[in-house]
Amino acid sequence: MSGGLILPPTLSLSRLSHFPSLPSLSTDFLKKTTRRFVSTTNEHKNMGTLKKQLEKLFEVSLKETVPDVVDVEPLVAACAGNNNAMSLWSKIKGKDTRFKGPQPVGQTIMKNLPQSEMIESCSVAGPGFVNIVLSKKWMAKCIQKMLVDGIGTWAPSIQVKRAVVDFSSPNIAKEMHVGHLRSTIIGDTIARMLEFSNVEVLRRNHVGDWGTQFGMLIQYLFEETPNWEEAGESAISDLQAFYRASKAKFDEDPAFKARAQQAVVRLQGGESQFRTAWARICEISRREFQVIYQRLGIVLEEKGESFYNPYIPRVLAMLNDQGLIEESEGARVIKIEGHNIPLIVVKSDGGYNYASTDLAALWYRLNEEKADWIIYVTDVSQQQHFDMAAKRAGWLPSQANLYPKTSHVPFGLVCGEDGKRFKTRSGDVVRLVELLDEAKSRCKAALVERGKDAEWTADELEQTAEAVGYSAVKYADLKNNRQTNYIFSFDQMLNDKGNTAVYLLYAHARICSIIRKSGEDIEALKQTGEIVLDHDDERALGLHLLQFAEVVEEALTNLLPSTLCEYLYNLSEYFTKFYSNCQVVGSAEQTSRLLLCEATAVVMRKCFHLLGMIPVYKI
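The rules behind the values
Residues numbered from 1 in each chain as written. Predicted model: local features only at pLDDT ≥ 70, side-chain atom pairs only at ≥ 80, totals over all residues. Heavy atoms only, no water. Helix = DSSP H or I, 4+ residues; strand = E, 2+ residues; numbered from the N terminus. Buried < 20%, exposed > 50% of the residue type's maximum accessible area, 1.4 Å probe, protein only. Contact = heavy atoms within 4.5 Å. Areas by Shrake-Rupley, 256 points an atom, 1.4 Å probe, with all protein chains shown as cover. Lys, Arg positive; Asp, Glu negative; His and termini not counted. Charge placed at Lys NZ, Arg CZ, Asp CG, Glu CD. Pairing = 2+ DSSP bridges. Axes fitted to C-alpha atoms, helices over the stretch in contact; angles between N-to-C directions. Parallel < 35°, antiparallel > 145°, perpendicular 65-115°, else oblique. Left-handed = near helix turned anticlockwise from the far one by under 90°. Nonpolar A, V, L, I, M, F, W, Y, C, P; charged D, E, K, R; others polar. Salt bridge = Lys/Arg side-chain N within 4 Å of Asp/Glu carboxyl O. UniProt positions renumbered as here; feature names shortened; annotations may be inferred. Phe/Tyr/Trp six-rings, centres within 6.5 Å; stacked < 30°, edge-to-face > 60°. Core = buried A, V, L, I, M, F, W, Y, C linked by side-chain atoms within 4.5 Å.

This part is about the overall build of the protein chain. Counting its regular elements, the protein chain contains 24 helices and 15 strands. With respect to the three principal axes, the spread of C-alpha positions in the protein chain is 85 × 75 × 45 Å. Of all 619 residues assigned to the protein chain, the portion counted as buried reaches 53%. Once local pairs closer than 6 in sequence are excluded, the contacts in the protein chain between residues at least 24 apart make up 75%. Accessible area of the protein chain: about 28,100 Å², with a carbon and sulfur share of 48%. Taking the average place of the 72 positive charges on the side chains of the protein chain and the average place of its 76 negative ones, the gap between the two points comes to 4 Å.

Here 3 strands make up an open sheet; going across it, the order is β9-β10-β11 and the pairing antiparallel. With partners counted over all chains shown, the strands left at the sheet margins are β9 (325-328) and β11 (343-346), one partner each. Between one strand and the next, the sheet's axes are offset by a mean angle of 45°, whatever the strand orientation. Across the sheet, helix α12 (residues 312-321) is in contact with β9, β10 (331-334) and β11; its angle to β9 comes to roughly 90°. With respect to the sheet, helix α13 (residues 354-367) is in contact with β10 and β11, its orientation differing from that of β11 by roughly 85°.

Two numbers describe how helix α22 (residues 548-557) lies on helix α23 (residues 561-581): the axes approach to 7 Å, and their chain directions differ by 155°. In this view, α22 runs roughly antiparallel relative to α23, as classed from their interaxial angle. At the point where α22 passes α23, the crossing takes the right-handed sense. Between α22 and α23, the contacting residues are Phe548, Val551, Val552, Glu554 and Ala555 on the first element and Thr563, Leu564 and Tyr567 on the second. A class-by-class count of the residues in the contact of α22 with α23 yields 6 nonpolar, 1 polar and 1 charged.

Let us look at the pairing of strand β12 (residues 373-377). If a strand is regular, its side chains alternate between the two faces of the sheet. Of all 5 residues in β12, 5 are buried; the element is thus mostly enclosed. Here strand β6 (residues 162-167) runs beside β12; their pairing, made up of 5 bridges, is parallel. Along β12, the bridge assignment pairs valine 165 with isoleucine 375. Here 4 bridges tie β12 to strand β13 (residues 405-408), and the two strands are oriented parallel to one another. Residue pairing across strands places tyrosine 376 opposite histidine 408, the latter belonging to β13.

Counted according to the given criterion, the structure contains 38 salt bridges. Glutamate 553 is paired through a salt bridge with lysine 52; the nearest N and O atoms lie 3.1 Å apart. Of this pair, glutamate 553 sits in helix α22 while lysine 52 sits in helix α1 (residues 50-65); the two residues are 501 residues apart in sequence, bridging distant segments of the chain. On the basis of relative accessibility, which here comes to 17%, the residue glutamate 553 falls in the buried class.

The next thing to look at is the side chain of lysine 526. Relative to the elements of secondary structure, lysine 526 occurs in helix α20 (residues 522-528). With a relative accessible area of 10%, lysine 526 lands in the buried category. Here lysine 526 is in contact with Gln144, Leu147, Val148, Leu595 and Glu598, once residues within four sequence places are set aside.

Bringing the UniProt feature "domain: DALR anticodon binding" (unreviewed entry) in the protein chain into the picture now. According to UniProt, the positions carrying the feature "domain: DALR anticodon binding" (unreviewed entry) are residues 504-619. For residues 504-619, the helix share is 73%, the strand share is 0%, and the end-to-end C-alpha distance is 12 Å.

Below, the discussion takes up the packing of aromatic side chains. Taken as a whole and assessed by the stated rule, the structure comprises 18 aromatic pairs. Their ring planes at 55° and their centres at 5.9 Å tell us that phenylalanine 196 and phenylalanine 548 sit as a pair that is tilted. On the criterion of sequence distance, the pair formed by phenylalanine 196 in helix α5 (residues 181-196) and phenylalanine 548 in helix α22 is long-range, its members being 352 residues apart. Judged by centre distance (5.3 Å) and plane angle (75°), the rings of tyrosine 220 and phenylalanine 242 are edge-to-face.

If you look at soluble globular proteins, the nonpolar side chains tend to sit buried side by side. Ile190, Leu194, Leu435, Phe548 and Val603 are the most contacted members of the largest nonpolar core, which totals 162 residues. Excluding anything up to four places from it in sequence, valine 603 contacts Met146, Ile151, Trp154, Leu545, Phe548, Tyr567 and Leu571. One finds Tyr308, Ala360, Tyr364 and Ala390 within the second-largest nonpolar core, a separate group that totals 34 residues.

In this section: unusual backbone geometry. The omega torsion across tyrosine 403 and proline 404 is 0°, close enough to zero to call that bond cis. Considering the arrangement of structural elements, one finds proline 404 in the loop between α14 (383-393) and β13. At aspartate 71, a residue that is not glycine, the phi angle is positive and equals roughly 55°. When you line up the elements, aspartate 71 lands in the loop between α1 and β2 (76-77). The class for aspartate 71 is exposed, based on a relative accessible area of 72%. Even without being glycine, glutamate 329 reaches a positive phi, approximately 55°. What makes glutamate 329 exposed here is its relative accessible area of 81%.

As structure tokens, this is what we get:
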């Protein structure tokens, strides 16, 4: 490819029918059995994490060491050792005369370890901690096998077959702004990590495409542009200006407000003219969203509020039949144990609300889409209420370790330099498209300053500026613990030093340059060469590479993309130390070290992919 750049794949935003035919809703869903899945296997015959491989060895040892103690879980710290001795001693003290303390327990655990090519040596320290030194030959063999068979063999195996990831979720007729950034990129990274782990992922965009605001918009369209059907796109040339104008009239003109409220009733009643106008507004908004998604490399399938609307009456009827819905001050509610305020599912005027829509969506995802894990990367304050209501209805098991289950992924604010919510100088929210334009523009200016406009084609310059600029925005967000607020700073995120996307992308490009300058065919070396990890820095780098699967699994378990970012940055640091102390090109160990360079680049590229970043191959 020209310039050695990776281009983003062709992207699409699928839209499903908004008014599906309803399946018959029986009470069978109440009998839905809970499931505890065993780890999935896949066609790659995954190596599994280091920790899991060591756990299998210690399981054998523990059964032989204390055969009468049941349900002993191996306490393994990956690449370090085992810490079962202390806890075991507290259980067997005074009962098993073979041991006089935790140290002898640790010694026996070490002695009973089965022979394995993984382990080079063992020792016992302190009160029975079993230290493990992994075999350099085994580590080298695993890395080499990954280079031949592909990084997919290092994918973790988790207990889930199908997951729904609900993220982004902007409102129709409103522009995407910086407030949508976190949900969109955090959700995309979680979806990517699940997909890498061989989970079927249903990426859902639960857009706000239904509700009272559409009465306002449709009525304004009818009154301002009576010939709107013939006028086509020109009737709403600027959707944001159109929304602001209709909202101003709605707030200032009581007669218009009354007409707009009646328009909602007619829309929900299915009148064709109102449905056609609604569909046109939605389509214009979707196209604007898609511009953002394409630039960010995000793929989503839309199932908005309108999709679930037809399911609400029957789902609420079943909840009512179970005795879960009560009357309260004219409204219909579900009381939640431990909460003073009930969950309102039908308003006092008989209308539905977000709670009724979200309950219908949860039912659909569990019973129609058969999801094992539903992950909400959205700012929904009442989500806990929905879960508790679903558990009362028997949709979800009460135990946290059983499937199906739901998880909520809260996230902090994007703040300006003043520490307050990020806004423009005029106090408006920052439009996401303008933020991305600025990131690309600044990257391009930096590349021109370095003279790259004279070395590269115009396309190469544009592609690199996009890849680095957009990746910088993503990584600056993802590297932070998602639950904390962070300061949005172009100067900081576009710095080529420290823990930034720019630094990491440049580090990857340097590795690729080392391999190119060697003049070797790296693909041929994978088949004929051999990795040797004799130097301490070679071994340290190799060990960190082998922890990749475990880190992805940990990031998924805790739904914390920052865990993967920390691993990626540390990987670049391990490589820098290795390269500083181990000559690659022209050394006696050139073949081995080139393969170690390639393994580092492969793992970095997979990290980039999982974080939604586009790697560059020269800089």
